[in-house]
Structures are given as structure tokens and as C-alpha cells.
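# Tertiary structure, described
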Amino acid sequence: MEIIHLSFINELKTENLESNIIGMAVEYLTRFMLTKCVYIAFEVSVWGAEIIGEEEIANELLENIIGLDETSIACACELVKFDVYYRQRSIGYCEPRPKTVPNAETIYNIKEMVERSIKFFNEYGPITKAGFTFEGGYTKIIDTGDGDFLTKDTLWDFKVLKNPPTNEHTLQLLVYYLMGKHSENNKEFNTIKYIGIYNPRLNSIYRYAIDKISSETIKEVEKSVIGY
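Computed from a predicted model, the values in this text were never measured in an experiment.

What follows deals with the side chain of histidine 169. When you line up the elements, histidine 169 lands in helix α8 (residues 167–182). The exposure class assigned to histidine 169 is buried, which follows from its relative accessible area of 18%. Polar side-chain contacts of histidine 169 include one of 3.0 Å to the backbone nitrogen of threonine 166. For histidine 169, the contacting residues outside a window of four places in its chain are Lys159, Leu161 and Ile197.

Rendered as C-alpha cells:
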């Protein structure tokens with residue numbers, strides 16, 4: 001993939017929360033700051049809360065997410081923990097969830113990475129869609145999954161990782177592109193020329209031109225991985 005390292009001024013600090021919580025908080029807060037709609041940005045978290053009957057708590061957290069202040073970031077970290085119940089379609093849980101309390105360094109990092117992400121989309125955007133599913137494109141093999149961002153010519157995935165993407169990450173992105181092409185909203189993918197990963201932690205872009213992917217590879221992924 002083409003690799004572009006963007007410049008940044010502020011270094012990140014040591015965090016006290018799990019990486020997946022931080023990653024989702026950064027992604028969803030970026031969606032919120034770009035779309036100005038907090039419910040759309042955190043809708044998967046809300047769906048998860050509804051599954052386990054805690055939509056009232058989720059709505060209270062949503063009401064307190066208004067920007068990139070400390071309270072908004074802390075509420076985002078607490079809210080994204082509901083994601084797992086939607087993605088795993090859990091019908092409940094037994095043990096109480098410990099409250100997520102990000103320390104000052106973690107709040108600083110999340111704000112910094114969201115600001116990096118906004119700057120990234122100001123240069124490589126604007127976004128045309130944020131947080132989308134693939135109705136009509138799912139199969140018996142892959143019946144869930146949602147994309148992160150679309151711009152005019154690129155399908156972007158967010159990875160808030162300490163290392164560059166792996167072949168599993170790039171395969172997932174190609175799968176999402178092909179599912180998008182098979183979905184009911186396939187017209188939105190007609191202008192897509194690249195699949196790309198943006199990592200705000202490393203402030204790096206990883207991008208690959210779709211026309212460089214062989215037809216044999218695409219057919220193999222469609223058949224063996226997705227099940228078309």
C-alpha cells in the first residue's frame with residue numbers, strides 16, 4: 001500500500017484504558033465532530049444498550065457529549081462499551097460493567113487523535129458518508145459488518161493501532177468494498193478508486209488503488225471469503 005506519514009506537533013501520552021475503548025471513542029467522536037449528529041455517530045453503541053435494556057443510561061451519556069471537553073470524552077468512553085452487545089448480539093450480561101474513567105493523559109490523547117482525524121479529513125475529504133452497513137450485500141458467511149467512512153474516491157477504515165495495518169486489516173477493507181458493490185447502495189461505491197486505512201495514533205495513511213487488484217484476487221475473495 002502507498003504509505004503517507006502526516007506531520008504532527010503533539011506527542012501522545014501513556015493511557016489507562018483498553019485500546020479498543022480508545023479506538024472506538026476516537027472514531028465515534030470524529031464522526032460526531034464531522035457530522036454534528038451525536039446519535040448517528042454513536043448509533044451502534046445505542047443499539048447495544050437497547051439490547052440489554054440500558055437505553056436510558058445510553059441516552060444520558062449521549063446528552064453529555066457536546067464536543068471535545070473532558071466530560072464529553074469521558075461519556076464517550078463509557079458509551080462505546082455497549083458496542084459489544086450489538087456486535088455479538090448478546091441478550092444480556094451477568095456481571096456489572098466497571099465504570100470507565102479515563103485519566104487526564106487518556107483524555108488528552110483522545111482529543112489529540114480526534115483533532116488529527118479532523119485535519120486529515122479536511123485534507124482528504126470531505127466525507128460523503130460515515131458509519132454505514134451493507135444491506136443486500138451480506139451472505140450466510142458474513143451477515144454483519146459496517147464501514148467507517150466514505151469520501152468521493154476512497155473507502156476509509158479507521159485503525160487506532162500502535163503498529164501498521166496487517167494483511168487481515170487490508171482483507172477486511174477489500175471485503176467491505178466488495179460488499180458495498182453488491183449492496184443496495186452500490187451507486188455510492190461507483191466513484192471509489194481507493195481503499196484506505198487512516199491511523200490517527202501514528203497519523204499515517206495506507207492506501208491502495210482498486211484497479212491494481214487483479215480480477216482473480218477479487219473473484220477469490222468474493223467466492224471464498226464472502227460467499228457470493
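With that out of the way, let us pick up the packing of helix α1 (residues 19–35) against helix α7 (residues 104–124). Contact geometry of α1 with α7 gives a least axis separation of 9 Å together with a crossing angle of 45°. Relative to α7, α1 is oriented oblique. For the pair α1 and α7, the sense of crossing is right-handed. Between α1, through Ile22, Ala25, Val26, Leu29, Thr30, Met33 and Leu34, and α7, the contact on the second element is made entirely by Thr106, Ile110, Met113, Val114, Ser117, Ile118 and Phe121. Considering only residue class, the contact of α1 with α7 consists of eleven nonpolar, three polar and no charged.

For α8, which comprises 16 residues, the first-to-last C-alpha distance of 23 Å matches the rise-based estimate of 22 Å (1.5 Å per residue) to within 8%. Turning to α8, its buried residues are His169, Leu173, Leu174, Val175, Tyr176, Tyr177, Leu178, Met179 and Gly180. Buried residues along α8 sit against β3 (146–151), β4 (154–158), β5 (194–199) and α9 (215–226).

Spatially, the six strands line up as an open sheet ordered β1-β6-β5-β4-β3-β2, and their pairing is mixed. Each of the sheet's edge strands pairs with one partner strand only, and the pair in question is β1 (2–5) and β2 (127–133). Across the sheet, the mean angle separating the axes of adjacent strands is 25° when strand polarity is ignored. Bridge count between β5 and strand β6 (residues 204–209): six bridges; the pairing is antiparallel. Bridging across to β6, tyrosine 194 finds its partner in alanine 209. Here α1 sits on the sheet in contact with β2, β3 and β4, set at roughly 40° to β3.

About the criteria used
- Residues numbered from 1 in each chain as written.
- Predicted model: local features only at pLDDT ≥ 70, side-chain atom pairs only at ≥ 80, totals over all residues.
- Heavy atoms only, no water.
- Helix = DSSP H or I, 4+ residues; strand = E, 2+ residues; numbered from the N terminus.
- Buried < 20%, exposed > 50% of the residue type's maximum accessible area, 1.4 Å probe, protein only.
- Polar contact = N/O pair within 3.5 Å; in protein donor to acceptor, adjacent residues only side chain to side chain.
- Contact = heavy atoms within 4.5 Å.
- Axes fitted to C-alpha atoms, helices over the stretch in contact; angles between N-to-C directions.
- Parallel < 35°, antiparallel > 145°, perpendicular 65-115°, else oblique.
- Left-handed = near helix turned anticlockwise from the far one by under 90°.
- Nonpolar A, V, L, I, M, F, W, Y, C, P; charged D, E, K, R; others polar.
- Expected span 1.5 Å × (residues − 1).
- Pairing = 2+ DSSP bridges.

Purely geometric numbers; function is a separate question.
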